[in-house]
Amino acid sequence: MPSIDLTGKAAVVTGSGRGLGLAYAHALAAHGASVVVNDVDEAVAEAAVKSITEAGGTAVAEVVPVGTSEAAERLVNRAVEEFGRLDVLVTNAGILRDRVLWKMTDDDFDAVITTHLKGTFTCARAAAVRMREQGEGGTLILVGSPAGQRGNFGQTNYAAAKAGIAAMARTWSMELGRAHITVNAIVPVAATAMTETIPAFAPYVEAMRNGEPLPDLLRKGEGFGTPEDCAALVPFLASEAARGITGQAIGIGGDKVALWSHPQEIRAAYADGGWTPETLAAAFPASVGAELQTVGIPAPKLPEA
């Protein structure tokens, strides 16, 4: 098997004080990269740095909430000041403000869009500028979600942001291709503070915390595991082994890795001279509408308690 060696590379991982972000930072450091850890809580960020350095890695903390151009510049500049360069950006930072549509406030919507969507944009832009200046290529890894791929009840803001992130990955893979900068979205599924609130998963997450392994029906059947399971994808995509992979949405969780399809037309019908509302009503059910697409994240197929 190829060796994944990131020695000499520098990475920024936003929202990496805990959870999935911390797992990504640890995985990058374990394979030789120097990492800028980012969080809004200084104590959490410093604890993350300590855990990485105690494991033999190299890391520094930059405490700033992502979203603004100023925050993005601080993160990129910190990598350059500490490590002389920037090779990898992982846009993991995120928050939740879940509400159904008719109860969601402007502040609920704006906060999530600012952190997830604008934060990904501003950080990726700053990183792309630096990587193009270096002239040696680079890697942008944008963190998506099944909610962005399929929608999720009560998550208008989050699903919209994550869908936009997948679209940006496809767009930037074209724009940055000539600079040899790869851009991919990853779609992780893991036991986190968010997923443990799902009733079907809760008892398994609790058992895992008590030292019990997750069963195959979760690790394989649902592609659900630990943050560390998801982290393997990050150093792989940052390595030379993945130089030919760009513009993709790749899911990972538990024992499963999967490639998500791009949105595409699945059925078409034609009418000479164009359509009217009446001809659409007559033709749609048996043609284009014969197999309407499902929405939402499929419910886990787990045995009843």
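From a predicted model like this one, the values you see are computed outputs, not experimental measurements.

**A short note on the side chain of Arg219**
Okay, so step 1: With respect to the helices and strands, the residue Arg219 is situated in helix H8 (residues 216-219).
Okay, so step 2: There is a polar contact of 2.8 Å between the side chain of Arg219 and the side chain of Asp229.
Okay, so step 3: Polar contacts involving the side chain of Arg219 include one to the side chain of Asp255, which spans 2.8 Å.

**Brief notes about the nonpolar core**
Okay, so step 1: Counting residues in each nonpolar core, the largest one holds 34 residues, and the members touching the most others are Tyr24, Leu28, Val35, Val37, Val90 and Ile186.
Okay, so step 2: Ranked by residue count, the leading element in this core is helix H1 (residues 19-30), at seven residues.
Okay, so step 3: Sequence-distant contacts of Val90, defined by excluding residues within four places in its chain, comprise Val12, Val13, Thr14, Tyr24, Leu28, Ile141, Val143 and Val234.
Okay, so step 4: Counting residues in each nonpolar core, the second largest holds 32 residues, with Cys123, Ala126, Ala185 and Ala249 among its members.

**Considerations on the sheet that holds strand S7 (residues 249-253)**
Okay, so step 1: Across the sheet, which stays open at both edges, the eight strands sit in the order S3-S2-S1-S4-S5-S6-S7-S8 with mixed pairing between neighbours. Both edges of this open sheet fall to strand S3 (58-63) and strand S8 (256-260), since each of them pairs with a single strand only. Direction aside, neighbouring strands of the sheet carry axes that sit 20° apart on average.
Okay, so step 2: One ladder, built from four bridges, connects strand S4 (residues 88-91) with strand S5 (residues 138-143); its direction is parallel. Looking at the pairing, Val90 lines up with Ile141 of S5.
Okay, so step 3: Each of strand S2 (34-39) and S3 is contacted by helix H2 (residues 42-54), which is oriented at about 175° to S3, the strand it contacts most.

**Describing the packing of helix H4 (residues 106-134) against helix H6 (residues 156-175)**
Okay, so step 1: Across the interface, H4 lies against H6 with an axial gap of 8 Å and an inter-helix angle of 15°. In this view, H4 runs roughly parallel relative to H6, as classed from their interaxial angle. When you trace H4 past H6, the crossing you get is right-handed. Together, Asp108, Phe109, Val112, Ile113, His116, Leu117, Thr120, Phe121 and Ala124 of H4 and Thr156, Asn157, Tyr158, Ala161, Lys162, Gly164, Ile165, Met168 and Trp172 of H6 make up the contact between the two elements.
Okay, so step 2: In the contact of H4 with H6, the residues fall into eleven nonpolar, five polar and two charged.

**Observations regarding the environment of Gly94**
Okay, so step 1: Tracing the chain through its elements places Gly94 in the loop between S4 and H4.
Okay, so step 2: Gly94 sits in the partly exposed class, given a relative accessible area of 43%.
Okay, so step 3: Sequence-wise, Gly94 and Ala159 are 65 residues apart; in three dimensions their C-alpha atoms are separated by 12 Å.
Okay, so step 4: Once residues lying within four places of it in the same chain are set aside, the contact partners of Gly94 are Thr115 and His116.

Basis of the calculations
- Numbering of residues begins from 1 in every chain and follows the order in which that chain's sequence is written.
- Per-residue local features are limited, in this predicted model, to residues with pLDDT of at least 70; the limit for side-chain atom pairs, both in listing and counting, is 80 or more; totals at the level of whole chains, interfaces and linings are taken over all residues.
- As a convention, hydrogens and water are excluded, and side-chain values are obtained from all of the structure's heavy atoms.
- Secondary structure counts use DSSP, requiring at least four H or I residues in a row for a helix and at least two E residues in a row for a strand, with both numbered from the N terminus.
- Counting of polar contacts relies on pairs of N or O atoms within 3.5 Å, with two restrictions inside protein: one atom must be capable of donating a hydrogen and the other of accepting it, and residues adjacent in sequence are counted only when both atoms are side-chain atoms.
- Here the nonpolar core consists of buried residues drawn from Ala, Val, Leu, Ile, Met, Phe, Trp, Tyr and Cys, with membership extended through side-chain atoms lying within 4.5 Å.
- Relative accessibility thresholds used throughout: buried, under 20% of the residue-type maximum; exposed, over 50%; partly exposed, between the two (1.4 Å probe, protein chains only).
- Should any heavy atoms of two residues lie within 4.5 Å, those residues are considered in contact.
- The pairing criterion for strands is at least two bridges between them, as found by DSSP.
- In this analysis an axis means a line fitted to C-alpha atoms, helices contributing only their contacting stretch, and an angle means the value between N-to-C directions, from 0 to 180 degrees.
- Orientation is classified from the angle alone, with under 35 degrees giving roughly parallel, over 145 giving roughly antiparallel, 65 to 115 giving roughly perpendicular, and any other angle giving oblique.
- By convention, the crossing between two helices is left-handed when the near helix turns anticlockwise from the far helix through less than a right angle, and right-handed when the turn is clockwise.
- Each residue gets one of three labels, nonpolar for Ala, Val, Leu, Ile, Met, Phe, Trp, Tyr, Cys and Pro, charged for Asp, Glu, Lys and Arg, and polar for the others, Gly among them.

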